[in-house]
Amino acid sequence: MSRKLSLCCAGLALAISTALAADQAPLIDIQPPSTVSTTALPAPSTPSEHWTPPDRKDPFVCEYLGENDCWKPSLPGGGAPYSHDGNWPKRRKTCVVEAGGKPDGDDAPAILAAFEECKTDGHVVFSNTTYYVRSVLNTTGLRHVDVEVNGTLLWSDDIEYWTANSLPIGFQNQTSAWHIGGDYIHFYGHGVGTLDGNGQVWYDWNQGRSNMHGRPHAITITDTTESVIEGLRFVQSQMWTMTVARSERVLLQDIYANCTAGPGRDFRSIVNTDGVDTVYANNITFLRWVVDNGDDSISMKQNSTNIYIANCTFYRGLSFAMGSIGQYPGQINVIENVTAENIVLYDTIWGARIKTWTGVNTGYPPNGGGGGFGHARNITFRDFQMHNVERAWGITQCTSYNGVAGGCDTSRFKITDMHWGQARGTVRGDQVATLDCSGAAPCERIELFDNELTVSGDGRDAKVYFCDNVVDDTGFECTEPCNDRCPH
Ligand SMILES: *[C@@H]1O[C@H](CO)[C@@H](O)[C@H](O)[C@H]1NC(C)=O
Ligand SMILES: *[C@@H]1O[C@H](CO)[C@@H](O)[C@H](O)[C@H]1NC(C)=O
Ligand SMILES: *[C@@H]1O[C@H](CO)[C@@H](O)[C@H](O)[C@H]1NC(C)=O
Ligand SMILES: *[C@@H]1O[C@H](CO)[C@@H](O)[C@H](O)[C@H]1NC(C)=O
Ligand SMILES: *[C@@H]1O[C@H](CO)[C@@H](O)[C@H](O)[C@H]1NC(C)=O
Ligand SMILES: *[C@@H]1O[C@H](CO)[C@@H](O)[C@H](O)[C@H]1NC(C)=O
Ligand SMILES: *[C@@H]1O[C@H](CO)[C@@H](O)[C@H](O)[C@H]1NC(C)=O
Ligand SMILES: *[C@@H]1O[C@H](CO)[C@@H](O)[C@H](O)[C@H]1NC(C)=O
Ligand SMILES: *[C@@H]1O[C@H](CO)[C@@H](O)[C@H](O)[C@H]1NC(C)=O
Ligand SMILES: *[C@@H]1O[C@H](CO)[C@@H](O)[C@H](O)[C@H]1NC(C)=O
C-alpha cells in the first residue's frame with residue numbers, strides 16, 4: 001500500500017522539481033542540464049573545460065580531475081571490523097619533540113625533525129607542554145611508529161598563511177594543516193593530549209559561508225594501514241576536525257572533538273566543523289567518539305566501505321551524514337557496508353541521513369558539482385537514543401552548496417538496502433523520516449524498523465514519514481509525499 005503511494009507521487013515530485021529547475025535556469029552557468037535517463041548510465045567522462053589547474057602543489061591529480069579508479073581497497077571486503085589487541089612492541093628509538101615555549105615562535109620545524117628521526121620503529125613524544133604550530137606538517141610514510149601526545153598543539157591564527165599554504169587532501173579541493181600517515185602507527189594521547197585549532201578566528205572569518213578553499217582541516221590521516229588512533233582531544237578545529245583518506249584497517253577510539261561558537265556568536269558560525277569524514281577508506285572502526293559541533297558529526301564520503309561505528313555520543317551537530325556524494329560529473333562513488341550502533345544524540349538535527357548531489361552539474365568543487373553516480377548500499381543504523389533531535393532519518397538527493405535549487409529528481413546515484421531502526425527518545429516535530437529520493441533512480445529496499453519516538457515536550461507519538469520515489473519500503477508506511485517539505 002505504501003509502495004503504491006510512493007509510486008503515485010513520483011510524477012508529482014518530478015513535476016515540482018522540473019518547475020523549480022526551470023525557475024533556476026539562469027543560475028546554471030556551466031552546462032545545460034543533461035537529459036535524465038533511468039536506463040543506461042552514460043560512459044564516465046572526465047570533466048574538462050571547467051576544471052582549472054590547482055593553485056598549489058596537489059599530488060592527487062586523479063581526484064581533482066574527477067576521474068575513476070583513483071584508489072581501491074587492497075583486500076576484498078567482508079569479515080569483522082578492524083580491531084587491535086592493544087599490545088604494541090617497544091620501539092627502537094625515542095624522539096622527544098623540543099618545545100620552543102614561545103607563543104609567537106614555530107615548533108613545526110622541531111616536530112618535523114622528530115618525525116624524520118623516528119619515522120621507522122620510533123616513538124615520537126610530545127611532552128606535557130604547549131607546542132605552537134605556525135606552518136604545515138606533512139609527516140607521512142611512517143612505519144611502526146608510536147606518536148604520544150601528553151601536551152597541547154596549538155595552531156596559529158594566521159589566516160593568510162594557512163589559506164595559501166595548507167596541504168591538499170585529494171578531495172573536494174579541500175586542504176589540511178597536518179597530514180599524518182603510514183603503516184602500523186599508534187597515535188595516542190591518554191585522553192589528555194590535545195590538538196587545538198584556534199578555531200574561533202576561523203569561525204569569525206568564515207561568517208557561516210560554505211566550504212572555503214584553503215581553510216584547513218585540523219588533521220588528515222592519509223595513506224594509513226593497520227593503525228590505531230586513540231585517546232586524543234580535538235578542540236576548536238579550524239574546519240573539519242579529521243579526514244581519514246586512502247586508508248584501510250584503522251581503529252579510531254576514545255576521541256573527543258568539540259568546536260563551539262564563542263559567546264555572542266551565531267550557531268551557524270561553526271558550519272563545516274565536521275567531526276570526522278572518510279574518503280577512499282575501507283575497513284575503518286570508530287568507537288566511543290564524543291562530538292560537539294555545528295556540522296556532520298561523522299560522515300562517510302566517496303568510496304567509504306566496511307565502516308563500523310559504535311558507542312558514540314553527539315551533541316548539537318548533524319549526526320551521521322552519508323555524503324554529500326556524487327559531486328563530480330562522471331565519477332563513480334560508493335558507500336557500502338556501514339553499520340553504526342548504540343549511539344546517543346543530544347539536540348542534533350538528524351539521527352542519520354544520506355545526501356547526494358543532483359544529476360545536474362553546476363560549477364566545480366568545493367561548492368559546485370553534481371552529476372556523479374554510484375551507489376550507497378547496505379547501511380545499518382540501529383539502537384539510537386535521541387534526545388530532542390529534529391528528526392530521525394533522512395534522504396535527500398538535492399544537494400548543491402552554491403545556491404542552485406531544484407533538480408531533486410535528476411540524481412542517478414542509487415540508494416538501496418537501508419536498515420534504520422530501534423530509535424528511542426524524542427524528536428522536535430512529528431516527523432520520523434523524510435525520504436526524498438530521485439525520480440531518476442528511486443531508492444529501493446528501505447527498511448525503517450521499530451522506531452518509537454515521541455514529540456519533545458508533548459509526548460505524542462511521532463508517526464509521520466514523508467516519501468518520494470521510495471520503492472520496497474518495509475517496516476513502515478509512507479504517510480505523505482514530500483511536497484517540498486523534505487529538507488535538503
Ligand atoms: C580550488 O579552488 C581554487 C580557489 O577557488 C581554484 O583556484 C582552484 O582552481 C580549484 N582547484 C580545483 C582542482 O578545483
Ligand atoms: C569508487 O569505487 C568504485 C567501485 O569499486 C570504482 O568503480 C570507482 O572507480 C571508485 N571511484 C574512484 C573515484 O576511485
Ligand atoms: C560488503 O559486505 C559483503 C558481505 O560481507 C561483502 O561480500 C562485500 O564484498 C562488501 N562490499 C565491499 C564493497 O567491500
Ligand atoms: C578488516 O580487517 C581485518 C584485519 O585484517 C580483517 O580480519 C577483516 O576481515 C576486515 N573486515 C572487513 C569488513 O573488511
Ligand atoms: C601536565 O601538567 C599539568 C600541570 O602543568 C598537570 O596538572 C597534569 O597532570 C600533567 N599531565 C600529565 C599527563 O602529566
Ligand atoms: C604521558 O602521560 C601518561 C599519563 O599521564 C604517562 O603514563 C606517560 O608516562 C607519559 N609519557 C611520557 C613520555 O612522559
Ligand atoms: C607529503 O610528503 C610526501 C613525501 O615527501 C609526498 O609524497 C606527499 O605528496 C606530500 N603531501 C602533500 C599533500 O604535499
Ligand atoms: C564543548 O565545549 C563547550 C565550551 O567549552 C562546553 O560548554 C561543552 O560542554 C563542551 N561539550 C562537551 C560535550 O564536552
Ligand atoms: C558498546 O557498549 C556496550 C555497553 O554499553 C558494550 O556492551 C559493547 O561491547 C560496546 N561495543 C563495542 C564495539 O565496544
Ligand atoms: C552489510 O554490511 C554488514 C556490515 O556493516 C555486513 O555484516 C553484512 O554482511 C552486509 N550485508 C550484505 C548483504 O552485504
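Keep in mind that what you see is a predicted model, and the values were worked out from it rather than measured. The residue numbering used here restarts from 1 in each chain and proceeds along that chain's sequence as written. Chain letters and ligand numbers both follow the written order, the letters beginning at A and the numbers at 1. In keeping with the predicted nature of the model, local features appear solely for residues at pLDDT of at least 70, side-chain atom pairs appear and are counted solely at 80 or more, and the whole-chain, interface and lining totals rest on all residues.

1. What about the overall build of the chain?
Then comes step 1: For helices the rule is a DSSP run of H or I covering at least 4 residues; for strands it is a run of E covering at least 2, with both sets numbered from the N terminus onward. Helix and strand content of the chain: five helices and 28 strands.
Then comes step 2: By the burial criterion, 52% of the 488 residues in the chain qualify as buried.
Then comes step 3: We call two residues in contact when their backbone-placed C-beta atoms lie within 7 Å. Across the chain, every contact between residues at least 6 apart in sequence was considered, and the portion connecting residues at least 24 apart equals 76%. Whether a residue is buried, exposed or partly exposed is read from the other C-beta atoms within 10 Å of its own C-beta, which are placed from the backbone; 20 or more gives buried, 12 or fewer gives exposed, and intermediate counts give partly exposed.

2. Quick look at the site of ligand 9
Then comes step 1: Placing the C-beta atom from the backbone, one calls a residue near a molecule or strand if that atom lies within 6 Å of it. Close contacts around ligand 9 come from Leu287, Ala310, Asn311 and Asn342, and that covers them all.
Then comes step 2: Split by residue class, the shell around ligand 9 holds two nonpolar, two polar and no charged. Residue polarity follows a fixed list, in which Ala, Val, Leu, Ile, Met, Phe, Trp, Tyr, Cys and Pro are nonpolar, Asp, Glu, Lys and Arg are charged, and the others, Gly among them, are polar.

3. Some words on helix H3 (residues 108–117)
Then comes step 1: Every buried residue of H3 is accounted for by Ala108, Ile111, Ala114 and Phe115. The buried residues of H3 occupy an angular sector of 125° when the element is viewed end-on, so they sit on one face.
Then comes step 2: Against the buried residues of H3 lie strand S1 (93–96), strand S2 (120–126), strand S3 (130–133) and strand S4 (137–149). Regarding the arc, it is the one traced by the directions from the helix axis to the C-beta atoms.

4. Examining the pairing of S1
Then comes step 1: Taken together, the four bridges between S1 and S2 define a ladder with parallel strand orientation. Looking across to S2, one finds that Lys93 is bridged to Gly122.
Then comes step 2: For a crossover, the right-handed case is the one in which the path from the first strand over the helix to the second runs clockwise, viewed with the strands pointing away from the viewer. A crossover connection joins S1 to the parallel S2 through H3; in handedness this β-α-β unit is right-handed. By this definition, two strands are paired if DSSP reports at least two bridges between them.

5. Notes on the site of ligand 8
Then comes step 1: Around ligand 8, the surrounding shell consists of Asn258, Thr260, Val290, Asp292 and Tyr315.
Then comes step 2: Partitioned by chemical class, the residues of the shell around ligand 8 number two nonpolar, two polar and one charged.

6. Quick look at unusual backbone geometry
Then comes step 1: Residue Ser324 is bonded to the preceding Gly323 through a cis peptide linkage, with omega at 5°.
Then comes step 2: The topology assignment puts Ser324 in strand S18 (residues 320–325).
Then comes step 3: Of note in this structure, His190 is not a glycine but carries a positive phi near 50°.
Then comes step 4: Within the secondary structure, His190 sits in the loop between strand S8 (178–188) and strand S9 (194–196).
Then comes step 5: The class of His190 is exposed, set by 12 C-beta atoms lying within 10 Å.
Then comes step 6: The phi angle at Asp347 is positive, at roughly 55°, despite the residue not being glycine.
Then comes step 7: Considering the arrangement of structural elements, one finds Asp347 in the loop between strand S19 (332–346) and strand S20 (350–357).

7. Structural notes on the sheet that holds strand S6 (residues 167–168)
Remark on secondary structure: sheet strands pair via backbone hydrogen bonds, oriented parallel or antiparallel.
Then comes step 1: The three strands are arranged S6-S7-S10 in an open sheet whose pairing can be described as mixed. Both outer strands of the open sheet, S6 and strand S10 (216–217), are each paired with one neighbouring strand and no more.
Then comes step 2: Where strand S7 (residues 175–176) meets S10, two bridges bridge the pair, whose relative direction is parallel. Of the residues in S10, the one forming a bridge with Ser176 is His217.

8. Some words on the pairing of S20
Then comes step 1: Of all eight residues in S20, eight are buried; the element is thus mostly enclosed.
Then comes step 2: Here S20 runs beside strand S22 (residues 391–399); their pairing, made up of six bridges, is parallel. What sits directly across from Lys355, in S22, is Thr396.

9. Some thoughts on the nonpolar core
Nonpolar side chains tend toward joint burial in soluble globular proteins.
Then comes step 1: Counting residues in each nonpolar core, the largest one holds 120 residues, and the members touching the most others are Val124, Val244, Val250, Met322, Met386, Ala392 and Leu435.
Then comes step 2: Per-element tally for this core: the top contributor is strand S14 (residues 242–258), with nine residues.
Then comes step 3: The residues contacting Ala392, other than those within four sequence positions of it, are Gly351, Met386, Ala423, Val427, Val432, Ala433, Asn451 and Leu453. We call a set of buried Ala, Val, Leu, Ile, Met, Phe, Trp, Tyr and Cys residues a nonpolar core when their C-beta atoms link them within 7 Å.

10. Side note on the confidence of the model for the chain
Caution applies to low-pLDDT regions: their predicted coordinates should not be interpreted in detail.
Then comes step 1: The score called pLDDT rates the predictor's confidence residue by residue, from a low of 0 to a high of 100. With 89% of its residues at a pLDDT of 70 or more, the chain has an overall mean of 89.
Then comes step 2: Of the regions scoring below 50 in pLDDT, residues 1–50 engages in 77 contacts with residues more than four places distant in sequence or in other chains.

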